[in-house]
Every structure is written in C-alpha cells, then in structure tokens.
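# Observations on chain architecture
Spelled out, the chains give:
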Amino acid sequence: MINDILNEADSKMVKSVDSTREDFSTIRAGRATPQMFSKILVDYYGTPTPIQQLASFTSPEPRIINIAPFDIGAMANVEKAIRDSDLGVNPSNDGKILRAVFPELTEERRKEYIKLAKEKAEQGRVSVRQVRQKAKQGLEKLEKDGEASKDDVTGAEKRLDGLTKKHTDTIDELLKSKEAELLEV
C-alpha cells in the first residue's frame, strides 16, 4: 500500500516536470520553433482546437515560421489566435499561408522571458509539492487506520521527500538551461 502511494506520487511528479518542460519549450529563445505554438487554441467552428490540429508548420529561416492551415476557411481564426497569443508576433497573410516573423530578442525582452521561465518553474515546483502533500496525507491515513506502522510511514515519508527533492532539482536544472539559452546572443 505504501509503495502504491509512493509510485503514484512519483508518476504525478514526473508529469509535473514534463509539463514544466513543455511550458519552457513555448518560451522563445533565439530560434523560432513550432513548439512555441503548442499552447494556442483556435476557435474552429465554435470549438477551441489546438493549432497543431489545424495547420502545418515550417521554418524556412531561424526567425520565421510559416503556418499553412489545412482548411483555408479557418485562416482568419488561426491568424487571430496567433495575434492574440503571448508570442508577441503579428502574422502576415498571403491567402495560402501565414508568415510569422519573430524579431530579434532585445535585452529587455530576454529579461521578460527569463522572468516568465522563473514563473513557470515555480508553478512546476508548487505542483510537485502539492503531489507530495497529497501523498503524505495518504501515508498518514494508512498509519491512522492501522494499516501501516509509524516506522514504515516515517521511512516512506523520507523516501517521498527524496522524490520531491529529485523532481524539484530537475525543474531547477531545466530553468538553469533555459536561462542560459535565453541569455545566449
């Protein structure tokens, strides 16, 4: 029973780290990538739809992304969703494709992105700690119900704290590498 709680906590913590990693991939560094668009939802006939399901992306140059909607009728909505996103880009429309040109990152913009990365990292750490708290409550309930001894629960809590530290350290490493990537000129 204790192992089940710890395994479930570990898998949820891994998901929190993966989510943080995905959030970092949406923050632009020097090169424009299609992953930057992964969080954008487009109003497609009244349904919020991920932009990857509505268009293909190509990157002919490091700072340009071409977006080709599969349904030309959705072009205006795709364009609006990109414009309204936090990417800070205004795509040009030639009737067949949208071209998003990302400006060079200024020192000020780099600092804003680092601040955003720090916020995403903190959200990831909070998520990991919430998983820890829930698992700790589960362990305490086992002890209270008499299904596990105090020593077993204490040992499990130490293992849980080790898992928590491992995953928060992973998030810190991801943040460090993202900061280095953003500061690279």
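Here we summarise the structure given alongside this text. (Residues numbered from 1 in each chain as written. Predicted model: local features only at pLDDT ≥ 70, side-chain atom pairs only at ≥ 80, totals over all residues. Heavy atoms only, no water.)

## Some points on the pairing of strand β4 (residues 64-69)
What counts is decided by this rule: Three labels apply to residues, based on accessible area from a 1.4 Å probe with only protein chains included: buried if under 20% of the type maximum, exposed if over 50%, partly exposed otherwise in between. Numbered from the N terminus, helices here are DSSP runs of H or I no shorter than four residues, and strands are runs of E no shorter than two. For two strands to be treated as a pair, DSSP must find at least two bridges joining them.
For β4, a buried count of five out of six residues is recorded, marking the element as mostly surrounded by other parts of the structure. Alignment of strand β3 (residues 55-61) against β4, held across five bridges, turns out to be antiparallel. Directly across from A55, in β4, lies its bridge partner P69. Adjacent in sequence and paired antiparallel, β3 and β4 are bridged by two residues. Examined bridge by bridge, β4 and strand β6 (residues 98-101) share four bridges and lie antiparallel to one another. When the bridges of β6 are listed, I67 appears paired with L98.

## Overview of the pattern of salt bridges
We apply this condition: Here, a salt bridge means any side-chain nitrogen of Lys or Arg that lies within 4 Å of a carboxyl oxygen of Asp or Glu.
One pass over the full model with this rule turns up 20 salt bridges. Salt-bridge contacts for E79 lead to R83; the nearest nitrogen and oxygen are separated by 2.6 Å. Taken together, the residues span about one helical turn, with E79 and R83 both in helix α2 (residues 75-84) at a distance of four residues. Judged by its relative accessible area of 13%, E79 is buried. With a shortest N-O distance of 3.7 Å, E181 and K178 are connected by a salt bridge. Here K178 and E181 lie together in helix α4 (residues 150-183), a separation of three residues that amounts to about one turn. A relative accessible area of 7% places K178 in the buried class.

## Thoughts on the packing of helix α1 (residues 2-25) against helix α3 (residues 107-144)
A pair of packed helices is characterised by two quantities: the angle between their axes and the separation of those axes. Note the cut-off: Whenever a helix is involved, its axis is fitted only over the stretch in contact; in every case the axis is a line through C-alpha atoms, and angles between N-to-C directions fall within 0 to 180 degrees. Roughly parallel refers to an angle under 35 degrees, roughly antiparallel to one over 145, roughly perpendicular to one between 65 and 115, and oblique to any angle outside these ranges. In this description, contact between two residues means that some pair of their heavy atoms is separated by no more than 4.5 Å.
One can describe the packing of α1 onto α3 by two numbers: an axis separation of 9 Å at closest approach and a directional angle of 170°. By the angle class used here, α1 and α3 are roughly antiparallel. Residues I2, I5, A9, K12, M13, S16, T20, D23 and F24 of α1 touch α3, and the partners they reach there are A117, K120, A121, G124, S127, V128, V131, R132, A135, G138, L139 and L142.

## Here we look at the side chain of S16
Note the following rule: In protein, a polar contact means a hydrogen-donor-capable atom and an acceptor-capable atom, both N or O and within 3.5 Å, with residues adjacent in sequence counting only if both atoms are side-chain atoms; elsewhere, any N or O pair within 3.5 Å suffices.
With respect to the helices and strands, S16 occurs in helix α1. In this structure the side chain of S16 is engaged in a polar contact, spanning 2.7 Å, whose partner is the side chain of S127. Those residues in contact with S16 that lie beyond four places of it in its chain are G124, S127 and V128.

## A word on the pairing of β6
Burial along β6 is one-sided: the face carrying L98 and A100 is buried and the face carrying R99 and V101 is not. Where strand β5 (residues 92-93) lies against β6, two bridges are found, and the strand directions are antiparallel. Residue N93 lies in a different strand from β6, and its bridge partner there is L98. The loop that links β5 with its antiparallel partner β6 comprises four residues; one of these, G95, has a positive phi angle of about 95°.

## Some remarks on the sheet that holds β4
One open sheet accounts for four strands, arranged β3-β4-β6-β5; its pairing is antiparallel. With one partner strand each, in any of the chains shown, β3 and β5 form the two edges of the open sheet. Docked against the sheet, α2 engages β4, β5 and β6, running at close to 10° with respect to β6.

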